[in-house]
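If you want the building blocks of each chain, they are given just below.
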Amino acid sequence: MKSIKLWHVFALIIGYFATVSGIAFGISVSTLPWWLPFTVGALIWIAAIVFFIKRESMAKLGALALPTTAISCGLFIGAYVRGVHIKVEFLDLALLAGLSAGCFLLLMALLTPNRLNGRAWYQILSLVVWLGISITGCIFASRALLPELPKRGIFLLFYLLLLGFFGIGALIESYDFAETCSSLVVPLLVATCLIGVIALLLISGGDGCDCDGGCCDGFDCSGGNHNGTQYTKKKQPPTTMSNLSGGVL
């Protein structure tokens, strides 16, 4: 039963990461101010809590809790991209998500049914070893495969946070797919909240570029949108002989 649950979790990780990456990329190529998707993401995150609380009395509503957290997380990451004005490609996000998701296979191998698998200390040790190997491996792999991705470390942090809490949820006992989904909701609500807080702190702290300074990491500052404010790049006056001579001519 444990091995079946792990495969369920792995399938959910793939779907979850695909949803997060798709929404984040969609927000990143939009012209929305960062605070709009962030606010919507926060409201959806609260809705996910309500769905989870109501899962006993309204099973169909409770089933929405997990996908709702994925939508909220994608909006938070998309808001971060808009807020710090960087340019990302969907394939870069998908590859980073794939690297993180693939690491779960290692945890599955460590938790393969054996004499020690049912012991709490072994599961915790497996989780710690898995996280250490996953973090190290993803850092080196992302450097090699995605050298041009801006803020690579921040995106990797987001996906590894999700992965780590998926791992915690995988250790919670469950007996069918519905219980597996339910066991993942609380850990992922925590992970999504952390991602939202980190994104907000980075945006508020100016972790990006200033369009007034002419830097937008791939964004066009002329007529662009920076934190909800329209900017127009000033045209440089034409160079004349009087400019070059300091007004002598």
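For the structure itself, consult the block above.
Rules and cut-offs
Residues numbered from 1 in each chain as written. Predicted model: local features only at pLDDT ≥ 70, side-chain atom pairs only at ≥ 80, totals over all residues. Heavy atoms only, no water. Helix = DSSP H or I, 4+ residues; strand = E, 2+ residues; numbered from the N terminus. Expected span 1.5 Å × (residues − 1). Buried < 20%, exposed > 50% of the residue type's maximum accessible area, 1.4 Å probe, protein only. Axes fitted to C-alpha atoms, helices over the stretch in contact; angles between N-to-C directions. Parallel < 35°, antiparallel > 145°, perpendicular 65-115°, else oblique. Left-handed = near helix turned anticlockwise from the far one by under 90°. Contact = heavy atoms within 4.5 Å. Nonpolar A, V, L, I, M, F, W, Y, C, P; charged D, E, K, R; others polar. Core = buried A, V, L, I, M, F, W, Y, C linked by side-chain atoms within 4.5 Å.

**Overview of helix H4 (residues 65-84)**
Phase 1: Over its 20 residues, H4 extends 29 Å from the first C-alpha to the last, a length consistent with the 28 Å expected when each residue adds 1.5 Å.
Phase 2: Burial within H4 is extensive, with 18 of its 20 residues counted as buried.
Phase 3: Looking one or two residues past H4, His85 carries a phi angle of roughly 55°, positive in sign.

**Quick notes on the packing of helix H5 (residues 90-102) against helix H7 (residues 120-145)**
Phase 1: Between H5 and H7, whose axes approach to 10 Å, the crossing angle comes to 155°. The orientation of H5 relative to H7 falls into the category roughly antiparallel. Note that H5 runs across H7; the crossing there is right-handed. Where H5 approaches H7, its residues Leu95, Leu96, Leu99 and Ser100 are matched on the opposing element by Cys138, Ala141, Ser142 and Leu145.
Phase 2: In the contact of H5 with H7, the residues fall into six nonpolar, two polar and no charged.

**Examining the nonpolar core**
Phase 1: Tyr16, Phe17, Tyr80, Phe104, Phe155 and Phe166 are the most contacted members of the largest nonpolar core, which has 63 residues in total.
Phase 2: Where this core is concerned, the elements lending two or more residues are helix H1 (2-28), helix H2 (35-53), H4, H5, helix H6 (104-110), H7, helix H8 (152-170) and helix H9 (177-204).
Phase 3: Top contributing element to this core by residue count: H8, with twelve residues.

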